[in-house]
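Structural characterization, general
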Amino acid sequence: MSTERTFIAIKPDGVQRGLVGPILSRFENRGYKLVAIKLMTPGKAHLEKHYADLAGKPFFPGLIEYMNSGPICAMVWEGRDAVKTGRVLLGATNPLASAPGTIRGDFAIDVGRNVCHGSDSVENAEKEIALWFKPEDLVSYKSAAFDWVYEKA
Ligand code: CDP
Ligand code: MG
């Protein structure tokens, strides 16, 4: 199965710090395929929906303010085990606990400025992709690198 999809977002701090390129590269270099990307400021209501599961947490208002403070680079990446491996590429939620070599472990310090988001399950990835993208935003194509990345389809 090489068609699993995950929703990855570069948060406003990542965009403002010029980290769109370096973060994209981590996914490209690993062999994942970009199927959708857009820069957006979706507003509070959308962000509250995205983080609905965390609505009761004390950090929720600050999280929404942070996410609403500038443009977000929303993406969908596709490939084998994309959800779980995407989280590995991101690193731990708290950047101080993230291993060097991960995005948060290389580019962040505070949990409230951890530069990126990644879906935590296939089910949530599907929900998040549907929240952030229209079906026609997802581009269907065969990556020229496919047969060099995967031994078997
Ligand atoms: O983003 P991730 O799935 O790793 O973590 P989460 O538990 O789903 O939390 C979502 C986001 O809330 C984190 O990425 C942080 O930006 C923020 N957060 C925070 O500000 N303080 C915490 N103690 C926990 C999370
Ligand atoms: Mg999460």
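Residues numbered from 1 in each chain as written. Chains lettered and ligands numbered in written order. Predicted model: local features only at pLDDT ≥ 70, side-chain atom pairs only at ≥ 80, totals over all residues. Heavy atoms only, no water.

The name given to the protein chain in an unreviewed UniProt entry is Nucleoside diphosphate kinase, with Apiospora kogelbergensis as the source organism. We quote the UniProt Sequence similarities (unreviewed entry) comment for the protein chain here in full: "Belongs to the NDK family." (UniProt positions renumbered as here; feature names shortened; annotations may be inferred.)

Topic: the UniProt feature "domain: Nucleoside diphosphate kinase-like" (unreviewed entry) in the protein chain
In this structure's numbering, the residues bearing the UniProt feature "domain: Nucleoside diphosphate kinase-like" (unreviewed entry) are residues 3–140. Regarding residues 3–140, the helix share stands at 41% and the strand share at 17%, and the terminal C-alpha atoms are separated by 11 Å. (Helix = DSSP H or I, 4+ residues; strand = E, 2+ residues; numbered from the N terminus.)

Here's the deal with the side chain of aspartate 13
Along the polypeptide, aspartate 13 turns up in helix H1 (residues 12–16). Of the side chains with opposite charge, arginine 17 comes closest to the buried, unpaired aspartate 13, at an N-O distance of 5.1 Å. (Buried < 20%, exposed > 50% of the residue type's maximum accessible area, 1.4 Å probe, protein only. Lys, Arg positive; Asp, Glu negative; His and termini not counted. Salt bridge = Lys/Arg side-chain N within 4 Å of Asp/Glu carboxyl O.)

What to know about the packing of aromatic side chains
For the coordinates displayed, the defined rule picks out 4 aromatic pairs. Look at phenylalanine 7 and phenylalanine 133: their rings are 6.4 Å apart centre to centre, the planes differ by 65 degrees, and that puts the pair in the edge-to-face class. Placement of the pair is phenylalanine 7 in strand E1 (residues 5–10) and phenylalanine 133 in the loop between helix H7 (122–132) and helix H8 (146–149), with a sequence separation of 126 residues. In this structure phenylalanine 7 comes out as buried when scored by relative accessible area, which is 0%. Given a relative accessible area of 6%, phenylalanine 133 falls into the buried group. By the ring-pair criterion, three or more aromatic residues cluster together here, those being Phe7, Trp132 and Phe133. (Phe/Tyr/Trp six-rings, centres within 6.5 Å; stacked < 30°, edge-to-face > 60°.)

Re the UniProt feature "active site" (unreviewed entry) in the protein chain
In the numbering used here, UniProt assigns the "active site" (unreviewed entry) feature to His117. By the element assignment, histidine 117 lies in strand E4 (residues 116–118). Judged by its relative accessible area of 9%, histidine 117 is buried. Dropping the residues within four chain positions of it, histidine 117 is found in contact with Phe7, Ile8, Ala9, Lys11, His50, Tyr51, Leu90, Arg104 and Glu128. (Contact = heavy atoms within 4.5 Å.)

Quick look at unusual backbone geometry
The phi torsion of most residues other than glycine is negative, and most of the peptide bonds are trans. For aspartate 81, which is not glycine, the phi dihedral falls at a positive 60 degrees. The residue valine 115 is not glycine, and still its phi comes out positive at about 60 degrees. Along the chain, the position of valine 115 falls in the loop between helix H6 (103–107) and E4. Note on valine 115: relative accessible area 0%, which makes it buried.

Some remarks on the site of ligand 1
Around ligand 1, the structure places Lys11, Tyr51, Leu54, Phe59, Leu63, Arg87, Thr93, Arg104, Val111, Gly112 and Asn114. Within the side chain of lysine 11, one N or O atom sits 2.9 Å away from an oxygen atom of ligand 1. The separation between an oxygen atom of ligand 1 and a polar side-chain atom of threonine 93 is 2.5 Å. The protein chains hide 75% of the 500 Å² of surface that ligand 1 would expose on its own. Broken down by class, the residue content of the shell around ligand 1 amounts to 5 nonpolar, 3 polar and 3 charged. (Near = heavy atom within 4 Å. Polar contact = N/O pair within 3.5 Å; in protein donor to acceptor, adjacent residues only side chain to side chain. Areas by Shrake-Rupley, 256 points an atom, 1.4 Å probe, with all protein chains shown as cover. Nonpolar A, V, L, I, M, F, W, Y, C, P; charged D, E, K, R; others polar.)

Structural notes on the pattern of salt bridges
Considering all chains together, one arrives at 6 salt bridges under this definition. Glutamate 78 is the partner of arginine 5 in a salt bridge, and the nearest nitrogen-oxygen pair spans 2.8 Å. A residue pair is termed long-range when its members are at least 10 positions apart, and arginine 5 in strand E1 and glutamate 78 in strand E3 (residues 72–78) qualify at 73 residues. You can call arginine 5 partly exposed: its relative accessible area is 28%. Lysine 38 is the partner of aspartate 137 in a salt bridge, and the nearest nitrogen-oxygen pair spans 3.4 Å. Taken together, the residues span a long stretch of sequence, with aspartate 137 in the loop between H7 and H8 and lysine 38 in strand E2 (residues 33–40) at a distance of 99 residues. Judged by its relative accessible area of 23%, aspartate 137 falls in the partly exposed class. Through salt bridges with shared partners, one network takes in Arg5, Lys33 and Glu78.

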